[in-house]
Amino acid sequence: MSIRVGLNGRVADSELERIRKVEGIEIDDLTTLARRSAARGPEAAEDAKAAESELDARLSELEALITWQPIPRLAARSPSLKWVQSFWAGVDALEPTGIFESGAVITTGRGVTSPAIAEWVIAAIYALSKQFPNYDSFKTEKRWTRLPAGKVFGSTCCIVGLGAIGQATAALATAAGMRVLGLRRTPDGPTVPNVEHVYGPADLPAFLEQADFLVLAAPATENTRKLIDATALARLKPGAALVNVARGELVDEAALADALRENRLFGAALDVFETEPLPAESPLWSLPNVIISPHISASMPDFDIRLTDLLVENLTRYRDGDPLLNVYDRNRGY
Ligand code: OXD
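Quick caveat: nothing in here was measured; it's all calculated off a predicted structure.

Engineer: Tell me about the packing of helix α2 (residues 31-38) against helix α3 (residues 45-59), and name the residues and values.
Structural biologist: Running from amino to carboxyl end, α2 crosses α3 at an angle of 135 degrees, the nearest separation of the two axes being 7 Å. In terms of orientation, α2 and α3 fall into the oblique class. Judged by the sense of rotation from one axis to the other, the crossing of α2 with α3 is left-handed. Along the contact surface, α2 presents Leu33, Ala34, Arg36 and Ser37, while α3 presents Asp47, Ala48, Ala51, Glu52, Glu54, Leu55 and Arg58. Grouping the amino acids of the contact of α2 with α3 by side-chain chemistry returns 5 nonpolar, 1 polar and 5 charged.

What follows is the structure, encoded as structure tokens:
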């Protein structure tokens, strides 16, 4: 008998075909149903209700689920679920679904998009350093004003989080001639390529004081929420810049806006925010030398192929009873 695995998320047809070819697995594509059941507004209400009850019936039969977006009340609606594979590296969005308490194994998309995110970080570091956001705003005024440029080569890149994204960033930062320091939960773990020194959470102040570019690449956990608050920002050198590709929760956004407004920081590149989409009233929108992108640093043309490589591998392992890749550990928070 085959294992029934739900899929909630779009992948290219060619990749869906590869997933469906894994023997012993029956894929139930719930993507459209989940989208219909989440539709809001009076004209969608009837269809949403019908979709919701069909989704309930299909969820109740699943042994595993591959998901892009969290399905509301997943644990209650899918009591026989033994495994959930997320598209994402960070699985914090699954928290309200109750799945962490259900005993199901959760696996993440760790590593799938880390090369793209590392490229975004380095592109942002160069753009901030060379003042591209300011020049871009001058264009609208046809203004010819020269600004002092910073230098990336020889500067210090401090990376919080040395998982797949942190390590890919460290490799590119080293190639750009930067000195790389890292901070992670367990400083005494194995050495990390391209990282000169690994600090632990207790050394945060000494770590921050060295940063020309502070890069956040750690998951949102109890220990990292608001890690970069007003006190942490005050530790940074005048003229340092912040790059956040982790989660908005890691930063106190109001304190960051103050530090930028008062020119204590040189700039910031932000792909993630406390609230997404970033509300129109956020002061970050109008601050100079701030790069804002809509949580897309992971975007890459071959995402579906790389994700499918992981899905096929983990589906095969699950079927064969072998250890899964990227198992999420709730105690560590990643
Ligand atoms: C992730 C992301 O994969 O935010 O978690 O891109």
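So much for the structure itself; the text now carries on.
Engineer: An account of the sheet that holds strand β7 (residues 179-183) is requested, with residue identities and associated values reported.
Structural biologist: Across the sheet, 7 strands lie side by side as β8-β7-β6-β9-β10-β11-β12; this open sheet has parallel pairing. Edge positions in the sheet fall to β8 (197-199) and β12 (290-292), since each of these pairs with one other strand and no more. Adjacent strand axes in the sheet meet at a mean angle of 15 degrees, parallel and antiparallel pairs treated alike. As paired elements, strand β11 (residues 265-270) and β12 share 3 bridges and run parallel to each other. Within β12, the position partnered with Ala268 by the bridge is Val290. Helix-sheet contacts for helix α10 (residues 253-261) involve β10 (240-244), β11 and β12, and the interaxial angle to β11 is about 140 degrees.

Engineer: Go over the domain arrangement of the chain with me, naming the residues and quoting the values.
Structural biologist: Taken as a whole, the chain is organised into domain 1 (3-111 + 301-320) and domain 2 (114-292). Measuring from the centre of the C-alpha atoms in domain 1 to the corresponding centre in domain 2 gives 33 Å. Each partner contributes residues to the interface: domain 1 has 4 residues there, and domain 2 has 6 residues.

Engineer: How would you summarise the packing of helix α1 (residues 13-20) against helix α11 (residues 303-320) if you had to cite specific residues and measurements?
Structural biologist: The interhelical angle for the contact between α1 and α11, taken along N-to-C directions, is 5 degrees, at an axis separation of 10 Å. Judged by the angle between their axes, α1 and α11 are roughly parallel. In this structure, α1 uses Glu15, Arg18 and Ile19 to contact α11, whose residues at the interface are Asp304, Ile305, Thr308, Leu311 and Val312. Along the lines of polarity and charge, the residues of the contact of α1 with α11 split into 4 nonpolar, 1 polar and 3 charged.

Engineer: Please set out the pairing of β11 residue by residue, giving values where relevant.
Structural biologist: Counting buried residues along β11, 6 of its 6 residues qualify, which places the element largely inside the surrounding structure. Sheet analysis places β10 next to β11, joined by 5 bridges and oriented parallel. Of the residues in β11, the one forming a bridge with Asn244 is Leu270. The handedness of the β10 to β11 crossover, carried by α10, is right-handed.

Engineer: Describe α10, with residues and values.
Structural biologist: Of all the residues in α10, the buried ones are Glu253, Leu256, Ala259 and Leu260. Here the buried residues of α10 occupy an arc of 120 degrees about the axis, which is enough to place them on one side. The inward-facing, buried residues of α10 contact α9 (230-235), β10, β11 and β12. Immediately beyond the C-terminal end of α10, within one or two residues, lies Asn263, with a positive phi of roughly 60 degrees.

Engineer: Which residues make up the sheet that holds strand β3 (residues 64-67), and what values go with them?
Structural biologist: Reading across the sheet, the 5 strands line up as β2-β1-β3-β4-β5 and stay open at both edges, with parallel pairing between neighbours. Both outer strands of the open sheet, β2 (25-29) and β5 (105-107), are each paired with one neighbouring strand and no more. Averaged over all adjacent pairs, the angle separating strand axes in this sheet is 20 degrees, with direction ignored. When strand β4 (residues 83-86) meets β5, the two strands line up parallel, connected through 3 bridges. Bridge pairing in β5 links Gln85 to Thr107.

Calculation notes
Residues numbered from 1 in each chain as written. Predicted model: local features only at pLDDT ≥ 70, side-chain atom pairs only at ≥ 80, totals over all residues. Axes fitted to C-alpha atoms, helices over the stretch in contact; angles between N-to-C directions. Helix = DSSP H or I, 4+ residues; strand = E, 2+ residues; numbered from the N terminus. Parallel < 35°, antiparallel > 145°, perpendicular 65-115°, else oblique. Left-handed = near helix turned anticlockwise from the far one by under 90°. Contact = placed C-beta atoms within 7 Å. Nonpolar A, V, L, I, M, F, W, Y, C, P; charged D, E, K, R; others polar. Pairing = 2+ DSSP bridges. Domains from an automatic or database assignment. Buried ≥ 20, exposed ≤ 12 C-beta atoms within 10 Å, placed from the backbone. Right-handed = clockwise from strand over helix to strand, strands pointing away. Arc of directions from axis to C-beta.

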